[in-house]
Amino acid sequence: MTSVVTRARWAVATVFAAHGAASGSFASRIPWIAENLHLNEGSLGLALIMPAVGSLSTMPFAGRLVQRWGGRTATRVLIAAWSLAVGVLALAPSQWALMGMLLLAGAAAGTSDIAMNAEGVEVEQRLGRSIMSSLHGMWSVGGLIGSGIGAGAAYLGISAPVNLGVMGVLLAVVGVTAGRWLLPNAPVPASDDGPRFSLPRGPVLIIGLVGFCAVFAEGATADWCAVYLRQVLDAGEGQAAVAYSAFALSMAGGRLVGDAVVRRFGAVGTVRVAGVVGIIGGLLVVTAWTPLVGILGFGMIGLGCAVVVPLAFSAAGHTGDHPAHAIAGVATVSYGAGLAAPGLMGGIAHATSLPFSFALVTGLIAIVALAAGRLRAAEIAHREPVAAGASA
């Protein structure tokens, strides 16, 4: 049993990395897509709302889907769908086509996120120790790899359709192959697979609201940091792509060490200190006078947000008899609403300015720091792990 769970732990980590790499690949080429389709801030922001719509429409059903298909099958199918969707985004011939494609991509991204997090919680329960932060760290490592390849492609003059097309196929193969070693959980009978539609209630709702603030800051930074450097600080395309790489690197570092830090200092203390770091980073972005200062600020925002979402999912996944449904409930609030951040940022920036938009992001990070006590449930879950070999 131990070897099976260990293999599953590395398999789900690989799936997280593939999901992140797809996100990073797309984020690093947003400036190319915007310039190719001649989109201004408002038009780009409208297009970037579509992934939120797709995710919000499907996430409440994702828990039931995972229960009915079984986590392993659902994860393999959905990670392939997300990867391949990213692979064709740069082929959009118009803003309206891009919006439709982003709608479908958002549905694939959101449901695959629920499936892989549910798998992560089950492995965490079988191992009897916290692993969710490091799993999300692998997502950030994937984002760094994807954005790094995107930055390299931009420097070399490789078009976004070629870059994203190759990455999409490669990541689909990696995700499906790794999924073979996920835990062999059988589909749950229809009579025992929980509610059809997962909406958060009680403690899960509160956890989701804290997660929303962090995901808003994370999503806004991921999709707008490169554009910020390009338009506000007059950076080149390759240098602008490095902004996301700095953000992803700090997220990865914070999450990879997050489990150890939380075990030592507790979830509440960790989130409060990280929040202060994120606030300082946001202030640096708003007042940046050179691209280097902006890149540093985006990196600090990443570090400030790093552990919040993993702790929110961990707390939700240890609540109730259906972890996938609880995770779907938190994700509906945090991801479903938070994924609207890029689009809302575009609208706010169009009406005011990008620096003002990131001042609002800084305020949300401050709320996370102040509300850190709401994640105490995750801290309790880490102190009282389920015995190894227990059923999810």
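The rules we used
- Residues numbered from 1 in each chain as written.
- Predicted model: local features only at pLDDT ≥ 70, side-chain atom pairs only at ≥ 80, totals over all residues.
- Heavy atoms only, no water.
- Patch = residues over 30% accessible without salt bridge, like charges linked within 9 Å, V, L, I, M, F, W, Y side chains within 5 Å.
- Areas by Shrake-Rupley, 256 points an atom, 1.4 Å probe, with all protein chains shown as cover.
- Salt bridge = Lys/Arg side-chain N within 4 Å of Asp/Glu carboxyl O.
- Helix = DSSP H or I, 4+ residues; strand = E, 2+ residues; numbered from the N terminus.
- Buried < 20%, exposed > 50% of the residue type's maximum accessible area, 1.4 Å probe, protein only.
- Axes fitted to C-alpha atoms, helices over the stretch in contact; angles between N-to-C directions.
- Parallel < 35°, antiparallel > 145°, perpendicular 65-115°, else oblique.
- Left-handed = near helix turned anticlockwise from the far one by under 90°.
- Contact = heavy atoms within 4.5 Å.
- Nonpolar A, V, L, I, M, F, W, Y, C, P; charged D, E, K, R; others polar.
- pLDDT = per-residue confidence, 0-100.
- Expected span 1.5 Å × (residues − 1).

1. Quick notes on a nonpolar patch on the surface
Here is step 1: A surface patch of nonpolar side chains, about 590 Å² in accessible area, is lined by Tyr155, Leu156, Ile158, Val162, Val166 and Val242.
Here is step 2: Where the nonpolar patch is concerned, the elements lending two or more residues are helix H7 (132–156) and helix H8 (160–178).
Here is step 3: Counting through the fold element by element, Val242 comes out in helix H10 (residues 237–256).
Here is step 4: Residue Val242 is classed as partly exposed on the basis of its relative accessible area, which comes to 31%.

2. Re the packing of helix H6 (residues 95–127) against helix H14 (residues 308–317)
The description of two helices packed together rests on the angle between their axes and the distance between the axes.
Here is step 1: Their axes nearest at 10 Å, the elements H6 and H14 cross at an angle of 70°. In terms of orientation, H6 lies roughly perpendicular with respect to H14. As for the relative orientation of H6 and H14, their crossing is right-handed in sense. Seen from H6, the contacting residues are Asp113, Asn117, Val121, Glu124 and Gln125; seen from H14, they are Phe313, Ser314 and Gly317.
Here is step 2: Partitioning the contact of H6 with H14 into residue classes produces two nonpolar, four polar and two charged.

3. Some points on the confidence of the model for the chain
Here is step 1: Across the chain, the average pLDDT comes to 84, with 88% of residues at 70 or higher.
Here is step 2: Per-element mean pLDDT across the chain ranges from 56 in helix H18 (residues 376–383) up to 96 in H8.
Here is step 3: Across residues 384–392, confidence stays below pLDDT 50; counting only partners more than four residues off in sequence or on other chains, it has 16 contacts.

4. As for the environment of Gly110
Here is step 1: Its place among the elements puts Gly110 in helix H6.
Here is step 2: Gly110 has contacts with Ser55 and Met59, leaving out every residue within four places of it along the chain.

5. Re the side chain of Ser112
Here is step 1: Within the secondary structure, Ser112 sits in helix H6.
Here is step 2: What makes Ser112 buried here is its relative accessible area of 2%.
Here is step 3: In this structure, Ser112 is in contact with His19, Leu78, Ile79 and Trp82, ignoring residues within four places of it in sequence.

6. Regarding helix H13 (residues 291–305)
Spacing of three or four residues puts side chains on the same side of an α-helix, whose turn is 3.6 residues.
Here is step 1: Compared with an ideal rise of 1.5 Å per residue, which puts 15 residues at 21 Å, H13 spans 21 Å between its outermost C-alpha atoms and is within 8% of the ideal.
Here is step 2: Most of H13 sits inside the fold, with twelve of its 15 residues counted as buried.
Here is step 3: Along H13, the positions that sit buried rather than exposed are Pro291, Val293, Gly294, Ile295, Gly297, Phe298, Gly299, Met300, Ile301, Gly302, Gly304 and Cys305.

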